[in-house]
Amino acid sequence: MKEKKIEWKNRFFTPDEVAQMEAVFNERFFDNLKKDENISFEGYYEDEICYITLALKNQDESFYYPVETSISLKENHELDAEGARIALLDFIGSYFEDYFEENRETSIPIDWTLYKADDLTLYARGQVLNKKLENMADDILKSADKAKNPGGF
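Residues numbered from 1 in each chain as written. Predicted model: local features only at pLDDT ≥ 70, side-chain atom pairs only at ≥ 80, totals over all residues. Heavy atoms only, no water.

### A few points about the overall build of the protein
Formally: Only DSSP runs of H or I covering at least 4 residues are called helices, and only runs of E covering at least 2 are called strands; the numbering of each starts at the N terminus. Only protein chains enter the accessibility calculation, which uses a 1.4 Å probe; a residue whose area is less than 20% of its type maximum is buried, one above 50% is exposed, and one in between is partly exposed. The criterion used for residue contact is that any of the two residues' heavy atoms lie within 4.5 Å. Computed with a 1.4 Å probe, the accessible areas rest on the Shrake-Rupley method; for each residue, only the protein chains presented here act as cover. Neither His nor the chain ends is counted toward charge; the positive residues are Lys and Arg and the negative residues Asp and Glu. Where a charge sits is defined by one atom per residue type, namely NZ (Lys), CZ (Arg), CG (Asp) or CD (Glu).
Tallying secondary structure elements over the protein gives four helices and six strands in all. Put simply, the protein runs from its N terminus to its C terminus through helices and strands in the order α-β-α-β-β-β-α-β-β-α. Across the 153 residues that make up the protein, the buried fraction comes to 36%. Put simply, of all contacts in the protein between residues at least 6 apart along the chain, 56% involve residues at least 24 apart. Accessible area for the protein stands at about 9900 Å²; split by element, carbon and sulfur atoms hold 50% of it. In the protein, which carries 19 positive and 33 negative side-chain charges, the distance between the mean positions of the two groups comes to 6 Å.

### Things to note about a negative patch on the surface
As a reminder, the rule being used: Patch membership needs two things, relative accessible area over 30% and no salt bridge, and members are linked within 9 Å if like-charged or within 5 Å if nonpolar (Val, Leu, Ile, Met, Phe, Trp, Tyr). Salt bridges are identified by distance alone: a Lys or Arg side-chain nitrogen within 4 Å of an Asp or Glu carboxyl oxygen.
Together, Asp98, Glu101, Glu102 and Glu105 make up a negatively charged patch on the protein surface. Note on placement: Asp98 falls in helix 3 (residues 81-101). For Asp98, a relative accessible area of 41% puts it in the partly exposed group.

### Points about the pattern of salt bridges
Within the structure shown, the criterion is met by seven salt bridges. Ionic pairing is found between Glu17 and Arg11, a salt bridge with its closest N-O pair at 3.0 Å. For Arg11, a relative accessible area of 25% corresponds to the partly exposed category. Note that Arg85 is salt-bridged to Glu82, the shortest N-O span being 2.8 Å. On the criterion of helical spacing, the pair formed by Arg85 and Glu82 is a turn pair, its members being three residues apart in helix 3. According to the relative accessible area criterion, Glu82 is partly exposed, its value standing at 36%.

### What about the sheet that holds strand 5 (residues 113-117)?
Which entries qualify depends on this criterion: The pairing criterion for strands is at least two bridges between them, as found by DSSP.
What the six strands build is an open sheet, ordered 1-2-3-4-6-5; its pairing is antiparallel. Of all strands in the sheet, those with a lone pairing partner are strand 1 (11-12) and strand 5, marking the two edges. Judged from the 10 bridges that link them, strand 2 (residues 37-46) and strand 3 (residues 49-58) form a sheet pairing that is antiparallel. Note that in strand 3 the partner of Tyr45 across the bridge is Cys50.

### Thoughts on helix 2 (residues 15-28)
Defined as follows: Expected helix span is taken as 1.5 Å per residue step, with the number of steps being one fewer than the number of residues. Think of it as the arc spanned by the lines of direction from the helix axis to the C-beta atoms.
Compared with the 20 Å implied by 1.5 Å per residue over 14 residues, the 20 Å span of helix 2 between its first and last C-alpha is a close match. Within helix 2 the residues assigned to the buried category are Glu17, Val18, Met21 and Phe25. The buried residues of helix 2 occupy an angular sector of 95° when projected down its axis, which confines them to one face. In helix 2, those exposed residues whose orientation departs by more than 90 degrees from the buried face are Pro15, Asp16 and Glu27.

Here it is, written out as structure tokens:
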């Protein structure tokens, strides 16, 4: 077990790992993406848990759909770090196949939800956001606060 713990050391995915995942998923779902959409990834290992987030987003982020996933060594004792990454990518790929087949009408709950896949226990959550509108609202609130309190006190 100690060897597995060392393998699951805390680290972010390398740029090469991220680039490879993005290339595979952008190619896999190319026909389903709108002209200004793309897929990006981020991921890391922390405390024997692997986290991967896929973000489907358009250029101005008025559509921003992050799907977050995680899988832990504690619940999946036989899983190695690479197997964890692959399991999460398989889950994300299957979800997005359904998502696009259902004309984007299917969704993952916004709270962490347990899923079983190939005798593995993993978690996922997601929420469609409009980051462009959120940023505009933040700017309005900041400017209103500055106007109300010009000295910054």
